Amino acid sequence: MFTNFSFAQNTEVEDAVTKLATLMVAPDSVALDKMILSNLSYGHSSGKIQTKQEFMHSLLSGESDFVDINLTNQTVIVQNKTALVRHTLNAKTNDKNVPGSVKLYILLIWSKERTGWKLLGRQAVKVP
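Quick notes on the rules
- Residues numbered from 1 in each chain as written.
- Predicted model: local features only at pLDDT ≥ 70, side-chain atom pairs only at ≥ 80, totals over all residues.
- Heavy atoms only, no water.
- Helix = DSSP H or I, 4+ residues; strand = E, 2+ residues; numbered from the N terminus.
- Rg over C-alpha atoms; globule rule 2.2 N^0.38 Å.
- Buried < 20%, exposed > 50% of the residue type's maximum accessible area, 1.4 Å probe, protein only.
- Contact = heavy atoms within 4.5 Å.
- Lys, Arg positive; Asp, Glu negative; His and termini not counted.
- Charge placed at Lys NZ, Arg CZ, Asp CG, Glu CD.
- Pairing = 2+ DSSP bridges.
- Polar contact = N/O pair within 3.5 Å; in protein donor to acceptor, adjacent residues only side chain to side chain.
- Salt bridge = Lys/Arg side-chain N within 4 Å of Asp/Glu carboxyl O.

A. The arrangement of the overall build of the protein in detail. On a plain count of helices and strands, the protein comes out with 3 helices and 6 strands. Mapped in sequence order, the helices and strands of the protein form the string α-α-β-β-α-β-β-β-β. By the compact-globule yardstick of 14 Å for 128 residues, the protein fits well, its C-alpha radius of gyration being 14 Å. Reported as C-alpha extents along the three principal axes, the dimensions of the protein are approximately 50 × 30 × 25 Å. Within the span of the protein, comprising 128 residues, buried residues form 36% of the whole. Sequence separation of at least 24 residues holds for 48% of the intrachain contacts in the protein that already meet a minimum separation of 6. Both charge centroids of the protein, one from 14 positive and one from 11 negative side chains, sit 4 Å from each other.

B. Seen up close, the sheet that holds strand β6 (residues 116-126). Across the sheet, which stays open at both edges, the 6 strands sit in the order β2-β1-β6-β5-β4-β3 with mixed pairing between neighbours. The two strands at the open ends of the sheet, each matched to only one other strand, are β2 (49-50) and β3 (66-79). Sheet analysis places β3 next to strand β4 (residues 82-95), joined by 11 bridges and oriented antiparallel. Bridge pairing links valine 76 to valine 85 in β4.

C. Quick look at the environment of aspartate 68. Of note, aspartate 68 is situated in strand β3. A sequence separation of 11 residues divides aspartate 68 from histidine 57, and the C-alpha atoms of the two residues are 19 Å apart. Here aspartate 68 is in contact with Val25, Asn90, Ala91 and Lys92, once residues within four sequence places are set aside.

D. Representation of the side chain of histidine 87 within the structure. By secondary structure assignment, the location of histidine 87 is in strand β4. Of the polar contacts made by the side chain of histidine 87, one reaches the side chain of glutamine 74; its length is 2.8 Å. Ignoring any residue separated from it by four or fewer positions in sequence, one finds histidine 87 in contact with Val17, Leu71, Thr72, Asn73, Gln74, Leu104, Tyr105, Ile106 and Leu108.

E. Geometry of the pattern of salt bridges. Applying the stated criterion to the full structure yields 3 salt bridges. The partner of aspartate 33 in a salt bridge is lysine 52, and the shortest N-O contact between them spans 2.7 Å. Separated by 19 residues along the polypeptide, aspartate 33 in helix α2 (residues 29-35) and lysine 52 in helix α3 (residues 52-61) bring together distant segments of the chain. Using a relative accessible area of 8% as the deciding quantity, one classes lysine 52 as buried.

F. Expanded view of the side chain of threonine 88. Examined against the element boundaries, threonine 88 turns out to sit in strand β4. What makes threonine 88 buried here is its relative accessible area of 5%.

This is how it looks when you write it as structure tokens:
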């Protein structure tokens, strides 16, 4: 029974990660707002840290424009109402109309709320 619960929790978290990646490619302000906690800490590989409002603005304005995102090597750890997700992000970007690509290691921190898993934190580091 516990194994099934754990598996279901992991699947819910994985679904939230997939939805976030989809919204980063095709941003929707209402959907983003619903899946991100107000006290989000969103860390970039450059060291820049954004709030929820700053992160959403960068996606919605096209300042941060993901054309395609591919996630690999994903692991999920669920501990009570917190989930840690690590993966490698390979993305094609078009930030400020400049085509590019990035490969980053990502750590996502999710919190289980009444309405589902919500993003609380994200930190990216450059792949060495």
